[in-house]
Amino acid sequence: MTDWRKTIVSVDATVQDAIAAIDSGPLHICLVTDHDGRLVGTVTDGDSRRALLRGESILSPVHLVMNKSPHMVTIGTPQDNVLSEMEVYDIRQMPIVDGNGVPVDVASVDDF
């Protein structure tokens, strides 16, 4: 089983930190959390590549490249609904959060 916790970086992290988190495992996503552990954004390979192409540095703050409105589901969402959301938005990973917005898992299309 994949340790999805390796994908988490703080909102104070750099693009380099996000890329390292993405590279740490097969999920191909980085979860960005605030100081209370709540999900505030995500970064994918594509997000980081586009940021570098537009002139951001690898040492730029991650908040400049993250998706600030990530798609997510709450814990307890039926798997069929999770997969449906992933299909609707054409995404391969879906963060699962608790009632406070704290990540508790990441669903991957490969899980289904």
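Residues numbered from 1 in each chain as written. Predicted model: local features only at pLDDT ≥ 70, side-chain atom pairs only at ≥ 80, totals over all residues. Heavy atoms only, no water.

So, on to the layout of surface pockets. Counted as a void, the largest pocket has a volume near 350 Å³. Along the walls of the largest pocket sit 20 residues, with Asp105, Val106, Ala107, Ser108 and Asp111 positioned nearest its centre. Put simply, the parts of the chain that give the lining of the largest pocket at least two residues each are β4 (73-74), α3 (79-89) and β6 (103-108). Counting residues per element, the lining of the largest pocket draws most heavily on β6, at four residues. Among the residues forming the lining of the largest pocket, the class breakdown is eleven nonpolar, six polar and three charged. Breaking the lining of the second largest pocket down by element, the ones donating at least two residues are β3 (39-44), α2 (45-53) and β5 (93-97). By residue class, the composition of the lining of the second largest pocket is five nonpolar, six polar and four charged. (1 Å grid on protein atoms, 1.4 Å probe; cavity = no way out; pocket = protein on both sides within 12 Å on 5 of 7 lines; lining within 4 Å. Points joined across faces, edges and corners; volume = space filled by probe spheres on them. Helix = DSSP H or I, 4+ residues; strand = E, 2+ residues; numbered from the N terminus. Nonpolar A, V, L, I, M, F, W, Y, C, P; charged D, E, K, R; others polar.)

The next subject is the environment of Val73. Along the chain, Val73 turns up in strand β4. We classify Val73 as buried; its relative accessible area is 8%. Sequence-wise, Val73 and Pro103 are 30 residues apart; in three dimensions their C-alpha atoms are separated by 9.7 Å. (Buried < 20%, exposed > 50% of the residue type's maximum accessible area, 1.4 Å probe, protein only.)

Those residues of α2 not exposed but buried are Gly46, Asp47, Ser48 and Ala51. Elements in contact with the buried residues of α2: α1 (15-23) and β3. After α2 finishes, the residue Gly55 shows a positive phi value of roughly 105°. (Contact = heavy atoms within 4.5 Å.)

Taken as a whole and judged by the stated rule, the model has five salt bridges. With its nearest N and O atoms 3.0 Å apart, the salt bridge here joins Asp47 to Arg50. A residue pair is termed a helical-turn pair when its members lie 3 or 4 positions apart in one helix, as Asp47 and Arg50 do in helix α2 at three residues. In this structure, Asp110 engages Arg92 in a salt bridge whose closest nitrogen and oxygen atoms are separated by 3.1 Å. One end of the pair, Asp110, is in the segment after β6; the other, Arg92, is in the loop between α3 and β5, with 18 residues separating them in the sequence. Taking relative accessible area as the criterion, Asp110 reaches 58% and is therefore assigned exposed. Classification of Arg92 as partly exposed rests on a relative accessible area of 47%. (Salt bridge = Lys/Arg side-chain N within 4 Å of Asp/Glu carboxyl O.)

Once that is clear, we can look at the pairing of β3. With five bridges connecting them, strand β2 (residues 29-33) and β3 associate as antiparallel partners. When the sheet's bridge partners are listed, Cys30 is paired in β3 with Val43. (Pairing = 2+ DSSP bridges.)

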